[in-house]
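Observations on the three-dimensional arrangement
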Amino acid sequence: EEAVNEEPLPELPESGKYSDIGFRYGIGGFDASDTTDLSAGKFLMMRRDDPKIYELSMYWIPEEALRKGDGYRRERDDVPYRQWEERGLLRTVPGNTVPKRVFVEWLEEIKQNYDVYTFAVGYDPWHILGTDEEQLQQYTGKALCEAVRQGPQTLSMPGKELRAQFAGDMVVDGHNPTNEWCRMNVQVSSDNNANLKFHKVAGKAVNRIDGFMAELCAYVAYLRHKDEYEAIL
């Protein structure tokens, strides 16, 4: 995948609130892990009279999964998870799994810390269902909580548009290395109808694409509610 704009995220004012520089609402996207893998969250923000998309990101991984590789899991992923944790790009959680409640907790942190509210959410329903899905629906309202099915019929057109945003330097994520690693691991193929499919390079588990899929889920939710969202910026 193309790299995003390398400019830093907008500098926070003294208040520490993104709302004071024009951001009021954002759209969340989540890709949940099955057991020991990464879970990813994205939050896309826009402001009036600015065509760019600004992206906050967070990743979660079970502490027990990191212990196996002394914080790096070199035998599996070959990336510096502990360094990313120290930089605040990734969080570890106790045990062997990541509870889905971290997603709503992170959205609430964004509201409390930056005064930016969640307008809508997109998520992969494969691992978010039952009470976890209900929590997201309660947080945003059911009509603004989008289950994004993982297949070309759902993802092809939004994927093409998101790639165009990348190519036009319209996505700003602060040069996040975890994001870049996930995007680098995405392989794109197409069927006879030019529908795009997104999967891991060489189909290998070590090539994590969770961050990109969370990003795409958020972008799908944005497209489904584009007019309503842009009207309140």
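Preceding this paragraph is the structure being described.
Each chain has its residues counted from 1, running along the sequence as written. In view of the model being predicted, local features appear only for residues whose pLDDT reaches at least 70, and side-chain atom pairs are presented and counted only at 80 or more, with totals across whole chains, interfaces and linings using the full set of residues. Hydrogens are left out, water is left out, and the side-chain values use all remaining heavy atoms of the structure.

Quick look at the packing of helix α5 (residues 152-167) against helix α7 (residues 210-224) now. Close contact between α5 and α7 brings their axes to 9 Å; oriented N to C, the two are set at 100°. In terms of axis orientation, α5 runs roughly perpendicular to α7. For the pair α5 and α7, contact is made by T154, L155, M157, P158, G159, E161, L162, Q165 and F166 and by F212, M213, E215, L216, Y219, V220, L223 and R224, respectively. In this classification, Asp, Glu, Lys and Arg are treated as charged, Ala, Val, Leu, Ile, Met, Phe, Trp, Tyr, Cys and Pro as nonpolar, and every other residue, Gly included, as polar. Residue composition of the contact of α5 with α7, grouped by class: 11 nonpolar, three polar and three charged. As a rule, the C-alpha atoms of each element are fitted with a line to give its axis, helices using only the stretch in contact, and angles between N-to-C directions run from 0 to 180 degrees. Counting from the N terminus, the helices are the DSSP runs of H or I reaching at least four residues and the strands are the DSSP runs of E reaching at least two. To sort the angles, those under 35 degrees are grouped as roughly parallel, those over 145 as roughly antiparallel, those from 65 to 115 as roughly perpendicular, and the leftovers as oblique. Contact definition: two residues touch when any of their heavy atoms are within 4.5 Å.

Our next topic: the nonpolar core. Definition of nonpolar core: a set of buried residues of the types Ala, Val, Leu, Ile, Met, Phe, Trp, Tyr and Cys, connected through side-chain atoms within 4.5 Å. Buried means the residue's accessible area, taken with a 1.4 Å probe over protein chains only, is under 20% of the maximum for its type, while exposed means over 50%, and partly exposed covers the values in between. With 27 residues, the main nonpolar core has L155, F198, F212, M213, L216 and Y229 as its most contacted residues. Elements with a minimum of two residues in this core: β2 (39-47), β5 (117-123), α5, β9 (196-200) and α7. Looking at this core, the element that brings in the most residues is α7, giving nine residues. Not counting residues within four places of it along the chain, the set of residues in contact with L155 comprises V148, R149, Q150, F198, M213, L216 and V220. Counting residues in each nonpolar core, the second largest holds 25 residues, with L56, V98, C145 and V172 among its members.

Moving on, we get to the layout of surface pockets. Empty pockets left among the atoms are what a rolling probe the size of a water molecule brings to light. Think of a 1 Å grid over the protein atoms and nothing else: a 1.4 Å probe that fits but is trapped marks a cavity, an open set flanked by protein within 12 Å on at least five of seven lines marks a pocket, and residues with an atom within 4 Å of a point count as lining. Grid points are joined across faces, edges and corners, and a volume is the space filled by probe spheres set on the points. The computed volume of the largest pocket comes to approximately 420 Å³. In this structure, the largest pocket is lined by 22 residues; those nearest its centre are D31, D124, K200, I209 and M213. Listed by contribution, the elements that provide at least two residues to the lining of the largest pocket are α5, β9 and α7. Considering every element that reaches the lining of the largest pocket, the biggest residue donor is β9, with five residues. Considering only residue class, the lining of the largest pocket consists of nine nonpolar, five polar and eight charged. In this structure, the second largest pocket spans a volume of roughly 330 Å³. L9, L56, S57, G88 and Y114 are the residues nearest the centre of the second largest pocket, which is lined by 18 residues in total. Of all the secondary structure elements, the ones that give two or more residues to the lining of the second largest pocket are β3 (50-62) and α3 (101-114). A class-by-class count of the residues in the lining of the second largest pocket yields eight nonpolar, five polar and five charged.

Glycine aside, the phi torsion of most residues is negative, and most peptide linkages are trans. At D115, a residue that is not glycine, the phi angle is positive and equals roughly 60°. By the element assignment, D115 lies in the loop between α3 and β5.

Time to look at empty space enclosed by the protein. Under the defined criterion, the tally for this structure stands at two cavities of 30 Å³ or more. Looking at the largest cavity, its volume works out to about 40 Å³. Taken together, K100, R101, F103, V104, I128, D132, Q135 and L136 form the lining of the largest cavity. Counting residues per element, the ones that place at least two in the lining of the largest cavity are α3 and α4 (131-140). Partitioning the lining of the largest cavity into residue classes produces four nonpolar, one polar and three charged.

On to the pairing of β5. Within β5, six of the seven residues are buried, leaving the element largely enclosed by the surrounding structure. Bridge count between strand β1 (residues 25-31) and β5: six bridges; the pairing is parallel. Residue Y25 lies in a different strand from β5, and its bridge partner there is Y117. The pairing of β5 with strand β6 (residues 145-147) spans three bridges and is parallel. By the bridge assignment, V121 is partnered in β6 with C145. Handedness is read with the strands pointing away from the viewer; a crossover is right-handed when the path from the first strand over the helix to the second is clockwise. Where the polypeptide runs from β5 across α4 and back to β6, its parallel neighbour, the crossover connection is right-handed. Two strands make a pair as long as DSSP finds a minimum of two bridges between them.

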